[in-house]
Amino acid sequence: MPGTIRRTGGRPCSHPGQGGFRAATIALATAAGAAPARAEGGGLPDVAGTVHVLTSLNRSELVAMVLTLGVLVFGVVTAVMLVRTRIRASFNDSKLRDRIAAVRADHDRLRTLLMSDSQVLVSWAAADNEPEIIGDISLVTNASIPQRVLAFGSWLEPDKAQAMERATDALRAHGEGFAMQLMTTNGRAIEADGRAIGGRAVLRLREVSGPRRELTELQARHDKLLSDMESLRALIDALPSPVWTRDVAGTLTFVNTAYVRAVEARDPTDALNRALELLNRAAREEASRVRAAGHIYAGRQPAIVAGSRRNFDIIDLPTRRGSAGIGIDVTEAEQMRTELKRLGDAHRRTLDHISTGVAIFNAEQHLVFYNAAYRALWNLDPAFLDQYPTDSSLLDQLRATRRLPEEKDYKEWKAALHEAYRAAETREHLWHLPNRSTLRVVTTPNPEGGVTYLFDDVTESLQMARDYDALIRVQRETLDNLAEAVAVFGSDGRLRLHNPAFAAMWRLEPAALAEQPHIEAVIERCRPLYGDDALWQRLHAAVTAIEGRDSVKGRLELRNGNVADLVTVPLPDGATLVAFLDVTDTINVERALRERNEALETADALKVDFVHHVSYELRSPLTNIIGFAQLMAEPSLGALTPKQREYLHYIGTSTNALLAIINDILDLATIDAGAMKLNLGAVDIRRTMLAAAEGIGDRLVKNGITLDIVARPDIGSFTADDRRIRQILFNLLANAVGFSPAGSKITLSATRQPDAIEFSVADTGAGIPPEVQGRVFDWFQTHSRGSGHRGAGLGLSIVRSFVELHGGTVTLHSAVGEGTTVICRFPLEQHVERTAA
């Protein structure tokens, strides 16, 4: 073709892009040189010329030409496709318009057909809860809102509305169709038809007429009669009285549950199948004769019910298809009538034993009952009272014997008393008799007419009331003169009683307290002086609680500097006594004593710290002195004179004694600081005793004292700190040697108890007076008691501290002139390493 270059040889392009670029280049070159070539010869273009043209263009111009050509080609293709698409869309649009017009015509025709009848259509899409409602909604409801059609309860009876709701739910959920004949509340016959059509649930409500309407009305009447019959049958079945019906032949056709229970059948069917009769044959025959005469039988007949004899009032009446009967159990009524008579007799006997005089007059004012107290009160003859005297004659006789109150107008007074026969309420009178006694007379109208008189001698009660008033006044005066602030709150929480001290303590106005304020109002007025809500809430609960009124105790520090003790006491009548005792002076004394005690404790702590500090400060130079004294005694430093050796010996003895005292002080200070720890292990008892005795051997020889060690060979060992046990026994032996005279005897013994080891050291010295025994274990407490012993007074303190550190106890027994025994008891079980407290 003209303008086209074909390549028929050479190697293929190794890169697609590169080949395309070359083709585009050749095409451009052809387009540029095609016309000259055709003009010259009309044949193929000159390849050499084309190449010359291409080589004469630079690279950027070539790229621009390629892009321009691509855009032109894309525009042409797009325009062609757009024209073809518009032609196709125009054709499709014309077809769709024709189809829509046909569908609309069909829709209008079908809607006209649907609306030709009086009906309502409700449809639901498969996944849509909003229904589409069309038609005449006035068919079922007068409301203008279409959704009221689905409010079935607004235009149907409740049972039909529930049935429609269940059927509609089943239609929408499972596609279950239904058809119902309904009567609306305004008397319209409606046919309800529900079914699934084309994936939608459709409900149609249509008014029916003619035979279908009559059928619907008959169905409604039938349902109503059936409902009424079921209600009556349920009511009859729930009656406690047996009910039955018979046919013309006299056979049972219906019995209720009470009848079934009476004849002990399993159920009504069982009673009918077995023809179980409640009444005997004679009673049934008698009822049958009365019914045959066209009358209703009514009579009382016995029957055996559940093994016991009962009485029934039977009512048996004829019906069009037989008869119906009911039996009313009157056994309890008969029993109640008998019980009422017995109760009346018992009531009369009870009234005859009470201290209140009782006289009952009937409507004709005749005496029909009196008790022994009435006869004794007026000292009347029983023969006269048994003649049913009138009320007026009784009063006349009592007035004649001066046993009635002295009244100015007796007739008027008697007429006022007899107003009780016409009164509707109980009245009360006080009669002050000439014998200085007082009667409380209560007149009570009787329901059947007449009056009941009650006579109470209240002479003693009035005297007790006067005595009570006097007692209250005495208590009031006593309360007003108490130093304690006292208030009494009633069971309703209101202030009933208070004394002046209460108002003065809380700075309350007497006028405000006279109004009997509630406990809440009193608390609000007291809150400026004391603002602890917790205590006020406890006080409020103690006053107003119905049950569990516990006593409240507490101490209040008022903002004015006063201190008071609070206590509440529940009273028997439901009231609560609240008392405040001013203890300001006592608290001030207590604070002074506490401050003094704290000062003493601080001084004691300073003393301990001082001793501890001094002990540490003395120990270092004392250790130096001991070391230099031992160094001077070394022969390598030169020979010493006898006098020098004697002085060095005194220095060593004194420094060793001083070092022992300082060590004891340090041990006591460590224990007191809670830093002493025990190194627990197995302690051989006999070996420890021998080691302690060896430490004081020189003192025993020097003073000519004998030491006996008493312990069983098999006493064994126990858990303790071996070093501290030896120190305890050494201090006890040293103390015993110091207070024992020359030539005396000391006994060191050990015994094993079931739960402890006991060490005891006994001497025959001068003994310890009772007034000193309580202080011998204190620090720096030493008493020579006539001996030549002098010491720092720390030995027994060390003993007690170490024994208690082991969890043991120290006991001292001593008598003046008989010696002293110290017993140390150590528990066998040492579970953990003990630390001083």
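Data block above holds the structure.
Just so it is clear, the structure is predicted and the values come from calculations on it, not from any experiment.

Here the focus is the overall build of the protein. If you tally the helices and strands in the protein, you get 25 helices and 27 strands. Of all 837 residues assigned to the protein, the portion counted as buried reaches 33%. Accessible area of the protein: about 51600 Å², with a carbon and sulfur share of 55%.

On to the sheet that holds strand S10 (residues 322–329). Neighbouring strands of a sheet are bound in pairs by backbone hydrogen bonds; such pairs are parallel or else antiparallel. If you trace the five strands from one edge of the open sheet to the other, you get S7-S6-S10-S9-S8, paired in antiparallel fashion. Two strands close off the open sheet at either side, each with one partner strand: strand S7 (252–255) and strand S8 (297–305). The average angle at which neighbouring strand axes cross in this sheet is 25°, direction not considered. For S8 and strand S9 (residues 308–319), the ladder comprises nine bridges, and the chain directions are antiparallel. Bridging across to S9, Ala303 finds its partner in Arg310. In the packing of helix H8 (residues 281–292) onto the sheet, contacts are made with strand S6 (243–246), S8, S9 and S10, and the angle to S8 comes to roughly 160°. Lying on the sheet, helix H9 (residues 331–351) is in contact with S8, S9 and S10; it crosses S9 at an angle near 125°.

What follows is about the nonpolar core. Ranked by internal contacts, the top residues of the largest apolar core, which has 38 residues, are Phe718, Ile728 and Phe759. Leave out the neighbours within four places in its chain, and Phe718 touches Gly681, Ala682, Val683, Ile685, Ile725, Ile757, Phe759, Phe826 and Leu828. Among the nonpolar cores identified, the runner-up in size contains 29 residues, and Leu495, Ala503, Leu529 and Leu558 belong to it.

Sheet topology note: the strand S25 (residues 756–762)/strand S27 (residues 819–827) ladder contains seven bridges and is antiparallel. Bridging across to S27, Glu758 finds its partner in Arg825. Relative to S27, strand S26 (residues 809–815) runs antiparallel, the two being bridged by seven bridges. For His813, the partnering residue across the bridge sits in S27 and is Thr821. In this antiparallel pair of consecutive strands, S26 and S27, the connection spans three residues, and Gly817 shows a positive phi of 85°.

Right, let's get into the side chain of Asp316. Mapped onto the fold, Asp316 is located in strand S9. For Asp316, the side chain forms a polar contact with the side chain of Arg291, separated by 2.7 Å. Leaving out residues up to four positions away in the same chain, Asp316 has contacts with Trp244, Ala287, Arg291, Ile296, Tyr297, Ser323, Ala324 and Gly325.

Moving on, we get to the packing of aromatic side chains. A complete count under the given rule lists 17 aromatic pairs for this structure. Relative to Tyr453, the ring of Phe361 has its centre 5.5 Å away and its plane inclined at 85°; by these criteria the two rings are edge-to-face. Pair noted here: Phe361 is in strand S11 (residues 357–361) and Tyr453 is in strand S15 (residues 451–457), with a separation of 92 residues, a long-range link. Of the two residues, Phe361 and Tyr453, neither departs from the other in class, the shared state being buried. Centre to centre, the rings of Phe718 and Phe759 are 6.1 Å apart; their planes meet at 50°, and the pair counts as tilted. One end of the pair, Phe718, is in strand S23 (residues 717–720); the other, Phe759, is in strand S25, with 41 residues separating them in the sequence. A single burial state applies to Phe718 and to Phe759, both of which are buried. Ring pairs connect the aromatic residues Phe361, Tyr374, Trp378, Tyr410, Trp413, Trp431, Tyr453 and Phe455, which therefore count as one cluster.

Here is what the cut-offs are and how they apply
- Chains are numbered independently. Their residues run from 1 in the order of the written sequence.
- Given that the model is predicted, a residue must reach a pLDDT of at least 70 before its local features are reported, and side-chain atom pairs must reach 80 or more before they are shown or counted; all residues, however, enter totals for whole chains, interfaces and linings.
- Excluding hydrogens and water, the side-chain values take into account all heavy atoms of the structure.
- Working definition: helices are DSSP H or I runs of at least four residues, strands are E runs of at least two. Numbering for both runs from the N terminus.
- When a residue's accessible area, from a 1.4 Å probe over protein chains only, is under 20% of the maximum for its type it is buried; when over 50% it is exposed; and in between it is partly exposed.
- Only the protein chains shown count as covering a residue, and every accessible area follows the Shrake-Rupley method with a 1.4 Å probe.
- By this definition, two strands are paired if DSSP reports at least two bridges between them.
- Axis lines are fitted to C-alpha atoms, over the contacting stretch for helices. Their N-to-C directions set the angle, which ranges from 0 to 180 degrees.
- A contact between two residues is defined here by any heavy atoms of the two lying within 4.5 Å.
- Residue types Ala, Val, Leu, Ile, Met, Phe, Trp, Tyr and Cys, when buried and joined through side-chain atoms within 4.5 Å, form a set referred to as a nonpolar core.
- As used in this structure description, the phrase polar contact means that two N or O atoms lie within 3.5 Å; if the pair is within protein, one of them must be able to donate a hydrogen and the other to accept it, and residues adjacent in sequence are counted only when both atoms belong to side chains.
- Note on ring pairs: Phe, Tyr and Trp rings are taken, using the six-membered ring of Trp, and paired if centres are within 6.5 Å. Classes follow the plane angle, with under 30 degrees stacked, over 60 edge-to-face and the rest tilted.

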